[in-house]
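Chain and residue survey
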Amino acid sequence: MEKFIDHCCSKCTHTKEESCKDFVVCCVEGPICHEDETCTAKRKKIIDKVKLNEKFVIS
Amino acid sequence: MYEKHLMICGATGCLSSGSQKVADALIEELDKRGIRDKYRLVMGGCPGFCEVGPIIVIYPDEVFYCRLEPKDMIEMVEKHLVGGEIVEKLLYKGPDVEAPARFYDTIPFYAKQRFNVLHNSGIIDPEDIDQYIMRGGYRAFTRSLEMDRLAICEEVKKAGLRGRGGGGFPTGMKWEFSHKAPGTKKYVVCNADEGDPGAFMDRSILEGDPHAILEGMLICAWAIGADEGYIYCRAEYPLAIARLKIAIEQAEEYGLLGKNILGYDFNFKMKIKEGAGAFVCGEETALLASIEGKRGMPRPRPPFPAIAGLFGKPTVLNNVETFANVPLIMKKGGLEEYVKVGTDGSKGTKVFALAGKIRNTGLCEVPMGITVREIIYDVGGGIKGGRDFKAVQAGGPSGGCIPKDLLDLPIDYDSLTKAGAIMGSGGLVVMDDRTCMVDLAHYFLGFTQKESCGKCTPCREGTKRMLEILSRITEGEGKTEDLDTLDSLAFSIKDSALCGLGQTCPNPVLSTIRYFRDEYEEHINDKFCRAGACKKLFNYVIDTENCTGCRACVRVCPVDAIKGEKKEPHEIIQDLCTRCGSCLEKCRQDCIMITRVGREADVSN
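Because the structure is a prediction, the values reported are computed rather than measured. (Residues numbered from 1 in each chain as written. Chains lettered and ligands numbered in written order. Predicted model: local features only at pLDDT ≥ 70, side-chain atom pairs only at ≥ 80, totals over all residues.)

1. Looking at the overall build of chain B
Along the backbone of chain B there are 24 helices and 17 strands. Rg of the C-alpha trace for chain B: 26 Å, near the compact-globule value of 25 Å for 605 residues, within the 12% margin. Counting over 605 residues, chain B shows a buried share of 55%. Counting only contacts in chain B whose residues sit at least 6 apart along the sequence, the fraction spanning at least 24 positions is 70%. (Helix = DSSP H or I, 4+ residues; strand = E, 2+ residues; numbered from the N terminus. Rg over C-alpha atoms; globule rule 2.2 N^0.38 Å. Buried ≥ 20, exposed ≤ 12 C-beta atoms within 10 Å, placed from the backbone. Contact = placed C-beta atoms within 7 Å.)

Pasting the structure below:
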């Protein structure tokens, strides 16, 4: 998972054609539809790569 | 993971002062040392302080380096990135700080600013939608999707958001009109045709945070039931257009534009229409005509675009900054925070472009209600060269001047209107005591006259007649009745011109007559321009008592009009002098004086 649009696992079904209503929140706080620490870590990795400091992310 | 993030200002202002060359030199130095992978380099949005560009801000260290040159990159890499030591000589220095300032919080330019609309500018990579989302982006939109559409209009009304493009019309009310207008086809249009001389607020927002505009437009589209949107952006903003295109592509890829957005029964597509630069196309009906492929000319209103706009359909047309405010209001808890800032009649913040004779040129975002004095002296750092403040032109060619006596005027829609100016889109052109107010009025009216589309007679002919009179006055052929004629023509145009631009174009003349009538009278009666701007109405004379004969003026005079031996007082040959002002700028002893034509020196420069 390099970008938020990439699926964290096969449980994520968001596509531009069939988009998930929780997608935006899921990007930073996800996964929303399932629990999986690996999937959470994948999102965190994207954030950690570009965040300037601890105040950077706004939920 | 990166060790540090280097945010290089990649906005037009810094690019024109050489930030790309600085970035290239930085990359070269990092490559030479083989350490480029450790650092993230972003050509981002504008931190606002154009005067001291090019700028690099380093995170997480929070260090603001400015006035950078490519040669500085070797030292910055060596000392800061490798050695962990701050390079003091590259920090901000100025008469307003005792010691070099390290970060935004210690630089006076930023002290009275409040970043709402610009909260992402210079912080995120504008070409990365992920970073916009990390900063809370598109949350306001997802919240809006769960709301009743009319409730969104109501919330925007409660926020007191007024159009930031000039008119100051309540945004929520405009949305409500379109929402209630019959019909299934509706449009949302963003006016990014920023045409005022000296104004670049919208360009900076578009370049620094393009997704904020898309999100504001999406919320509007959902609220009124539109399925198509246009961003009308002047072609002179290539970087803004490029970043908008990227933002639109990314939003489409993420399912935030297109069909059944986020699973809702909501389709919205967005297009960019590039304008050819006609000033009149900033007027809403002319802009819509231009999108339709017609000549950009205004039409009479009503019907207003909210009811019958683009292709005759209900259309909400707001400017860039207005749309950028919307996500701030519509995010969770946003309304409560939003209304805390500003005045009763003007909520929120306003982005201003500071230009002219001010020390800190650049972009600032300040709470509505801040005084002119605070903007000029606290944010702007005062007048360049320590000269006296004379006036500030607010609102561009459609606005008016605010004189020194009104320095404590609060900047909000109503106060500015009472003072004879307008908020406009936010351009503030500052003038010092060397600015001739008649010449200023002549310049701005000349601009609007050239840009007049010619459709209505009052604007087409009226501005031409006014300009002829102003030209005569500045050339020493003014008549005593000219001021009454200007006044009468100005009010006729204001009352009868077809569009807002025509109705407001006499403002610079009216406001300068209102506050600087004595200067007009001096031009007309004494044939004298004390500011030394109207070339036929003054002479330069050398103060022989103070002239040291340094020959600096002789060297710069392009027509050899200055005579005199070294270390002896010099003299200007009036028949040769073209009044270019080169000697005035060069003289270190301040002994070039502005005098009435054919008289002894009596006014100091």
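Let's pick the thread back up.
2. Here's the deal with the overall build of chain A
Broken down by element type, chain A carries two helices and zero strands. Its C-alpha radius of gyration of 11 Å places chain A within 12% of the 10 Å reference for a compact globule of 59 residues. Counting only C-alpha atoms, chain A reaches 35 × 20 × 15 Å along its principal axes. Counting over 59 residues, chain A shows a buried share of 27%. Sequence separation of at least 24 residues holds for 36% of the intrachain contacts in chain A that already meet a minimum separation of 6.

3. Here's the deal with unusual backbone geometry
Residues and elements named next belong to chain B. Omega for the peptide link from tyrosine 59 to proline 60 comes to 0 degrees, which places this bond in the cis form. Within the secondary structure layout, proline 60 lies in the loop between β3 (56–59) and β4 (63–65). The step from arginine 301 to proline 302 runs through a cis peptide bond, and the omega angle for that step is 0 degrees. One can find proline 302 in the loop between α12 (284–291) and β8 (315–319). Unlike most non-glycine residues, arginine 67 shows phi in positive territory, near 50 degrees. Position of arginine 67 relative to the elements: it lies in the loop between β4 and α3 (72–82). The residue lysine 527 is not glycine, and still its phi comes out positive at about 50 degrees. Note on lysine 527: 19 C-beta atoms within 10 Å, which makes it partly exposed.

4. Digging into the environment of Cys459(B)
Residues and elements named next belong to chain B. By the element assignment, cysteine 459 lies in helix α18 (residues 457–474). Residues cysteine 459 and isoleucine 493, spaced 34 residues apart in sequence, show a C-alpha to C-alpha distance of 6.1 Å. Excluding residues within four positions of it along the chain, cysteine 459 makes contact with Ser452, Ile493, Ala497, Leu498, Gly502 and Cys505.

5. Points about the domain arrangement of chain B
By the assigned domains, chain B splits into domain 1 (4–106), domain 2 (129–338), domain 3 (349–432), domain 4 (437–526) and domain 5 (538–595). With five residues of domain 1 of chain B at the interface, the matching set in domain 2 of chain B holds six residues. (Domains from an automatic or database assignment.)

6. Points about the pairing of strand β1 (residues 4–9) of chain B
All names here are of chain B. Of all six residues making up β1, five are buried, and the element is well covered by its neighbours. Pairing of β1 with β3 involves four bridges; the strand directions are antiparallel. Bridging across to β3, histidine 5 finds its partner in tyrosine 59. (Pairing = 2+ DSSP bridges.)

7. Points about the confidence of the model for chain B
All names here are of chain B. On average, residues of chain B score 95 in pLDDT, and 99% of them are at 70 or above. With pLDDT under 50 throughout, residues 599–605 is counted as low confidence; its partners more than four residues away or in other chains account for 16 contacts. Among the scores for the predicted complex, ipTM is 0.98 and pTM is 0.94. (pLDDT = per-residue confidence, 0-100.)

8. Concerning helix α7 (residues 149–159) of chain B
All names here are of chain B. Looking at α7, one finds that the buried residues are Ile152, Cys153, Glu155, Val156 and Ala159. All buried residues of α7 fall inside an arc of 160 degrees around its axis, so they share one side. On its buried face, α7 is in contact with α6 (139–145), α8 (171–180), α10 (210–224), α13 (320–330) and α14 (334–338). Once α7 finishes, glycine 160 follows within two positions and takes phi at roughly 75 degrees, a positive value. (Arc of directions from axis to C-beta.)

9. Quick look at the environment of Thr463(B)
Residues and elements named next belong to chain B. Examined against the element boundaries, threonine 463 turns out to sit in helix α18. For the pair threonine 463 and isoleucine 493, spaced 30 residues apart in sequence, the C-alpha to C-alpha distance is 8.0 Å. In contact with threonine 463, other than residues within four places in its own chain, are Leu445, Thr448, Gln449, Ser452, Ile493 and Cys505.

10. Points about the interface of chain B and chain A
Taken residue by residue, the interface counts 25 residues in chain B and 26 residues in chain A. Broken down by secondary-structure element, the contributors of at least two residues to the side of chain B that touches chain A are α5 (129–134), α6 and α11 (238–253) of chain B. For the side of chain B that touches chain A, the element with the highest residue contribution is α5(B), accounting for four residues. Residue composition of the side of chain B that touches chain A, by class: eleven nonpolar, eight polar and six charged. (Nonpolar A, V, L, I, M, F, W, Y, C, P; charged D, E, K, R; others polar.)

11. Let's talk about helix α17 (residues 437–451) of chain B
With 15 residues, α17(B) should cover 21 Å at 1.5 Å per step; its first-to-last C-alpha distance of 21 Å lies within 8% of that length. All buried positions along α17(B) are accounted for by Met437(B), Val438(B), Asp439(B), Leu440(B), Ala441(B), His442(B), Phe444(B), Leu445(B), Thr448(B) and Gln449(B). (Expected span 1.5 Å × (residues − 1).)

12. Points about the sheet that holds strand β2 (residues 39–44) of chain B
Residues and elements named next belong to chain B. Pairing in this open sheet of four strands is mixed, and the strands run β2-β1-β3-β4 from one edge to the other. If you trace the sheet from one side to the other, it starts and ends with β2 and β4, each paired once. Across the sheet, the axes of successive neighbouring strands diverge by a mean angle of 20 degrees, strand direction being ignored. (Axes fitted to C-alpha atoms, helices over the stretch in contact; angles between N-to-C directions.)

13. Focus: the packing of α17(B) against α18(B)
Residue and element names in this part refer to chain B. Contact geometry for α17 and α18: axes closest at 10 Å, N-to-C directions at 150 degrees. Overall, the two elements α17 and α18 adopt an arrangement that is roughly antiparallel. As for how α17 packs across α18, the hand of that crossing is left-handed. Together, Val438, Asp439, Ala441, His442, Leu445, Gly446, Thr448 and Gln449 of α17 and Thr463, Lys464, Met466, Leu467, Leu470, Ser471, Ile473 and Thr474 of α18 make up the contact between the two elements. (Parallel < 35°, antiparallel > 145°, perpendicular 65-115°, else oblique. Left-handed = near helix turned anticlockwise from the far one by under 90°.)

14. With respect to the nonpolar core
Residue and element names in this part refer to chain B. If you look at the biggest cluster of nonpolar residues, it comprises 202 residues, and the most contacted ones within it are Ile55, Met217, Ile219, Cys220, Val392 and Leu428. In terms of residue count, the dominant contributor to this core is α10 (eleven residues). Residue contacts for isoleucine 55: discarding those within four places in its chain leaves Cys9, Cys14, Pro47, Phe49, Phe64, Tyr65 and Cys66. (Core = buried A, V, L, I, M, F, W, Y, C linked by C-beta atoms within 7 Å.)

15. Comments concerning the sheet that holds β8(B)
Residue and element names in this part refer to chain B. Reading across from one edge, β7-β6-β5-β8 is the order of the four strands in this open sheet, with parallel pairing throughout. With one partner strand each, in any of the chains shown, β7 (269–275) and β8 form the two edges of the open sheet. With strand direction ignored, the average angle separating the axes of adjacent strands in the sheet is 20 degrees. Bridge count for strand β5 (residues 187–192) against strand β6 (residues 228–234) is six bridges, and the pairing is parallel.

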